[in-house]
Amino acid sequence: VEVAYVNGPRGVDLDSTLPGVADMDCGIYFRPQAGGQVLIGSAEPECDTLHFLNSADELKEGLTDEWTNLVYRAALRLPGLEIPNTTSGLSALYDATPDWVPIYDRTSLGGFYSLRGTSGNQFKNGPVIGRIGATLIENCENGHDHDNDPLLLPFQYASGSLELGMFSRRRENLTTSGTVFG
């Protein structure tokens, strides 16, 4: 995955005026980035070729033509966005499951747990993922059969609970957009 960083339009206070935007028509998302920049990423539109690697060692360092496509698409939506002569951004890997829903579950090897397949977007959910992991470990290590009786995680700030079976390693693939947007 590649993400582009470009300077925002001149004279615009991005931090107070630009929300996070997912533009499915252009196939991008963008948001303010520190220092008056705009971060631009791909929403993986059908017209783009997705690149899946069998090994992390296959990742080529550096930015590609994808960077140019991202910036040109953002310029369609952000009047005054200047297209720089040099690239700035990052290229990295992230893991994803076939339905793009992460796996938070015990494994078939006793005492080992898996919190993976987060597709690069779950960083903001770190605290709740920690609670999910703690709930799984505490209950399963004390004899609960999570495979046959999925655990519930009570919401902290609202009524209700999250049924953790939806993150099971044994679940049927869920119907999602097949992207980081769910």
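These figures come from a predicted structure and were not determined experimentally.

Enquirer: Even after reading the chapter, I still don't get the layout of surface pockets, so can you show me in this structure?
Expert: Gaps between atoms show up when a probe of the same size as a water molecule is rolled over them. Estimated volume of the largest pocket: approximately 870 Å³. Taken together, 29 residues make up the lining of the largest pocket; nearest its centre are V1, L50, H51, F52 and E66. Among the elements that line the lining of the largest pocket, the one with the most residues is helix α2 (residues 65-77), at three residues. When grouped by side-chain class, the residues that make up the lining of the largest pocket number 12 nonpolar, nine polar and eight charged.

Enquirer: When you look at helix α3 (residues 126-141) in this model, what are you seeing that I'm missing?
Expert: In an α-helix, one full turn covers 3.6 residues, which means residues spaced three or four apart are oriented alike. Compared with an ideal rise of 1.5 Å per residue, which puts 16 residues at 22 Å, α3 spans 22 Å between its outermost C-alpha atoms and is within 8% of the ideal. I129, I132, G133, T135, L136 and C140 are the residues of α3 that are buried. The arc that holds the buried residues of α3, viewed along the axis, is 160 degrees, so those residues lie on one side. Summarising the geometry of α3, the exposed residues directed more than 90 degrees from the buried face are P127 and E138.

Enquirer: What am I meant to see in the packing of aromatic side chains here?
Expert: Aromatic ring pairs are defined here through the distance separating the ring centres and the angle between the ring planes. With the rule as written, the count across this model stands at one aromatic pair. For the pair Y104 and F167, a centre-to-centre distance of 4.9 Å together with 45 degrees between the ring planes defines the contact as tilted. Of the two residues, Y104 sits in strand β6 (residues 103-106) while F167 sits in the segment after β9 (161-163), which places them 63 residues apart along the sequence. Residue F167 is classed as buried on the basis of its relative accessible area, which comes to 10%.

Enquirer: Could you clarify how one ought to interpret the pattern of salt bridges in this entry?
Expert: Oppositely charged side chains may form a pair once their charged atoms are brought near each other. Here the structure, examined in full by the defined rule, presents eight salt bridges. Here R171 ties to D99 by a salt bridge, and the two come within 2.8 Å at their closest N and O atoms. You can see R171 sitting in the segment after β9 and its partner D99 sitting in the loop between β5 (89-91) and β6, a full 72 residues away along the chain. Neither residue differs from the other here; R171 and D99 are each classed as buried.

Enquirer: Please clarify how unusual backbone geometry should be interpreted in this entry.
Expert: With the exception of glycine, the majority of residues adopt a negative phi angle, and the majority of peptide bonds are in the trans configuration. Phi is positive for E44, close to 55 degrees, though the residue is something other than glycine. With respect to the helices, strands and loops of the structure, E44 is situated in the loop between β4 (37-42) and α2. E44 gets classed as buried once you look at its relative accessible area, which sits at 18%.

Enquirer: Sorry, what's going on with the pairing of strand β1 (residues 2-7) here?
Expert: Regular strands place side chains that alternate from one sheet face to the opposite one. With five of six residues buried, β1 is to be regarded as a mostly interior element. Where β1 and β5 come together, three bridges link them in antiparallel fashion. Paired with V3 across the strands is L90, a residue of β5. Both β1 and β4 contribute to a ladder of five bridges, which runs antiparallel. Considered in β4, the bridge of A4 is made with I40.

Enquirer: Could you clarify how one ought to interpret the pairing of strand β7 (residues 113-116) in this entry?
Expert: The pairing of β6 with β7 spans four bridges and is antiparallel. Directly across from D105, in β7, lies its bridge partner S114. Linking two consecutive strands that pair antiparallel, namely β6 and β7, is a turn of six residues; a positive phi of about 85 degrees is found at G111 within it.

Enquirer: Can you help me understand the sheet that holds strand β3 (residues 28-33) in this one?
Expert: Hydrogen bonds along the backbone pair up the strands of a sheet, which may run parallel or antiparallel. Across the sheet, which stays open at both edges, the five strands sit in the order β2-β3-β4-β1-β5 with antiparallel pairing between neighbours. Two strands bound the open sheet, and with one partner strand each, they are β2 (21-23) and β5. Between one strand axis and the next, the sheet turns through 20 degrees on average, direction left out of account. On top of the sheet, α2 reaches β1, β2, β3 and β4; it is set at about 50 degrees to β1, its chief contact.

Definitions and limits used
Along every chain, residues carry numbers that run from 1 in the direction the sequence is written. Per-residue local features are limited, in this predicted model, to residues with pLDDT of at least 70; the limit for side-chain atom pairs, both in listing and counting, is 80 or more; totals at the level of whole chains, interfaces and linings are taken over all residues. Each side-chain value is worked out from all heavy atoms of the structure, with water and hydrogens disregarded. Any residue with an atom within 4 Å of a point lines the site, the site being either a cavity, points on a 1 Å grid over the protein atoms alone where a 1.4 Å probe fits but cannot get out, or a pocket, an open set with protein on both sides within 12 Å along at least 5 of 7 lines. Grid points are joined across faces, edges and corners, and a volume is the space filled by probe spheres set on the points. Helix and strand assignments follow DSSP, with helices taken as H or I runs no shorter than four residues and strands as E runs no shorter than two, numbered in order from the N terminus. Side-chain classes follow a simple rule in which Ala, Val, Leu, Ile, Met, Phe, Trp, Tyr, Cys and Pro form the nonpolar group, Asp, Glu, Lys and Arg form the charged group, and the remainder, Gly included, forms the polar group. Given the number of residues in a helix, its expected span is that number minus one, multiplied by 1.5 Å. With a 1.4 Å probe rolled over the protein chains alone, any residue whose accessible area is under 20% of its type maximum counts as buried; one over 50% counts as exposed, and the rest are partly exposed. Summarising the geometry, the arc corresponds to the directions from the helix axis toward the C-beta atoms. Here the aromatic set is Phe, Tyr and Trp, taking the six-membered ring for Trp, and pairing holds for ring centres within 6.5 Å; pairs whose planes are under 30 degrees apart are stacked, those over 60 apart are edge-to-face, and all others are tilted. One side-chain nitrogen of Lys or Arg within 4 Å of one carboxyl oxygen of Asp or Glu is enough to make a salt bridge. Note: two strands are recorded as paired if DSSP finds a minimum of 2 bridges between them. As a rule, the C-alpha atoms of each element are fitted with a line to give its axis, helices using only the stretch in contact, and angles between N-to-C directions run from 0 to 180 degrees. Contacts between residues were defined by any pair of non-hydrogen atoms, one from each residue, lying within 4.5 Å.

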